[in-house]
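Take a look at the letters that make up each chain.
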Amino acid sequence: MRELRVREGNTPRADSGSTARTKLDQPRTSRPGLITLPSYDPEAFAKLSERIARFLGTGRFIVWMTVFIVIWVLWNTLLPGSYRFDSYPFIFLTLVLSLQASYAAPLILLAQNRQDNRDRVNMEQDRARSDRNIADTEYLTREVAALRQGLGEVATRDFIRSELQALLKDLDGQRESADML
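To start, this report covers the structure provided alongside it. Just so we're clear, the structure is a prediction, and the values are computed from it rather than from any experiment.

**Observations concerning the packing of aromatic side chains**
All chains considered together, the criterion is met by five aromatic pairs. Note on W72 and F85: the rings are 4.8 Å apart at their centroids and 80° apart in plane angle, and the pair reads as edge-to-face. With W72 in helix α3 (residues 59–78) and F85 in the loop between α3 and α4 (91–153), the pair connects residues that are 13 residues apart, well separated along the chain. Note on W72 and F92: the rings are 5.4 Å apart at their centroids and 40° apart in plane angle, and the pair reads as tilted. Remark: F92 occurs in helix α4 and W72 occurs in helix α3; sequence separation between them is 20 residues. Of the aromatic side chains, those joined through ring pairs into one cluster are F68, W72, W75, F85 and F92.

**Overview of the pattern of salt bridges**
A complete count under the given rule lists four salt bridges for this structure. For the salt bridge of D126 with R129, the shortest nitrogen-to-oxygen distance reads 2.8 Å. A residue pair is termed a helical-turn pair when its members lie 3 or 4 positions apart in one helix, as D126 and R129 do in helix α4 at three residues. For D126, a relative accessible area of 43% puts it in the partly exposed group. One salt-bridge network, held together by shared partners, links E43, E50, R114 and R118.

About the cut-offs
Throughout, residues of each chain are indexed from 1 in the direction in which the sequence is written. Where local features are concerned, this predicted model is filtered to residues with pLDDT of at least 70; where side-chain atom pairs are given and counted, the filter is 80 or more; whole-chain, interface and lining totals use all residues. Here the side-chain values reflect all heavy atoms present in the structure, with hydrogen atoms and water set aside. Pairing of aromatic rings covers Phe, Tyr and Trp, the last through its six-membered ring, and needs centres within 6.5 Å; plane angles under 30 degrees mean stacked, over 60 mean edge-to-face, and all others mean tilted. To qualify as a helix, a DSSP run of H or I must reach at least 4 residues; to qualify as a strand, a run of E must reach at least 2; elements of each kind are numbered from the N terminus. Salt bridges are defined as contacts in which a side-chain nitrogen from Lys or Arg sits within 4 Å of a carboxyl oxygen from Asp or Glu. Remark: exposure states derive from per-residue accessible area (1.4 Å probe, protein chains only) relative to the maximum for the residue type, with buried under 20%, exposed over 50%, and partly exposed in between.

Dropping the structure here:
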């Protein structure tokens, strides 16, 4: 009994002899003794579905499908009855095309969902980049405004030159008046 409790994730409690699961927030991955189903890699399956969906959306697929249907129709109409494998008027062809469509539709949807996820991630990254660009632009705008305000209080070269020329004129005027005396 103790071995069964340990295998199921239950461990005996030292204080009361009852059992408690070690990780109640984690689901059991498998139960011993039961049949386990085979597992698959969802990422690999998604990549395969994308490859199939991309092939189904090409002209090459349409050409191959057209060749396949033409050969099927010619085989079952022109050859003698003993060589035909679809004796009723193309019932088996309809079944094959329906089967192909029933597998193609979910694979295309899986590929579209995967592309939507990629587009959503790209959009979120673009939005974050845009937000950073806006923040940088606002920062630079504030810095330029601060520089303009600071420059408004600083004497510029033209202002100093005009002040010096005015002082020179005053000095020249005082010299001329002193020379005349």
